[in-house]
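As a plain string of letters, each chain reads:
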Amino acid sequence: MTQFETQSGERFADFDLPEGCMMCGGAVSIRATPAGAHGYCPHCHVLSRPQMRVKPNGVELSFETTALA
Ligand SMILES: [Zn+2]
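Residues numbered from 1 in each chain as written. Predicted model: local features only at pLDDT ≥ 70, side-chain atom pairs only at ≥ 80, totals over all residues.

**Concerning the overall build of the chain**
Next, step 1: Scanning the chain for helices and strands turns up 0 helices and 7 strands.
Next, step 2: Along the chain, helices and strands appear, N-terminal first, in the series β-β-β-β-β-β-β.
Next, step 3: When contacts within the chain are restricted to residue pairs at least 6 apart in sequence, long-range pairs at least 24 apart make up 12% of them. (Helix = DSSP H or I, 4+ residues; strand = E, 2+ residues; numbered from the N terminus. Contact = placed C-beta atoms within 7 Å.)

What follows is the structure, given as structure tokens:
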């Protein structure tokens with residue numbers, strides 16, 4: 001994971017999420033910004049928008065794969 005911080009204090013992160021693709025199970029490239037996170041699978045070209053939570057020890061991502069009835 002690569003994290004960096006801008007001079008204005010915004011934090012960004014770019015990293016790969018192994019087996020993060022819900023379509024092919026491949027690695028997804030995640031870009032996380034203060035505005036949210038999005039992921040891209042280079043294998044099947046699926047875009048995803050995981051929910052991101054910033055935790056003291058890192059960033060937690062969750063994918064909305066099912067809708068609650
Ligand atoms: Zn994929």
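Next comes the rest of the account.
**Let's talk about the pairing of strand 3 (residues 28-33)**
Next, step 1: Only one face of strand 3 is buried, namely the one carrying Val28, Ile30 and Ala32, since none of Ser29, Arg31 and Thr33 on the opposite face is buried.
Next, step 2: Relative to strand 4 (residues 36-40), strand 3 runs antiparallel, the two being bridged by 5 bridges. By the bridge assignment for strand 4, Thr33 is matched with Gly36. (Buried ≥ 20, exposed ≤ 12 C-beta atoms within 10 Å, placed from the backbone. Pairing = 2+ DSSP bridges.)

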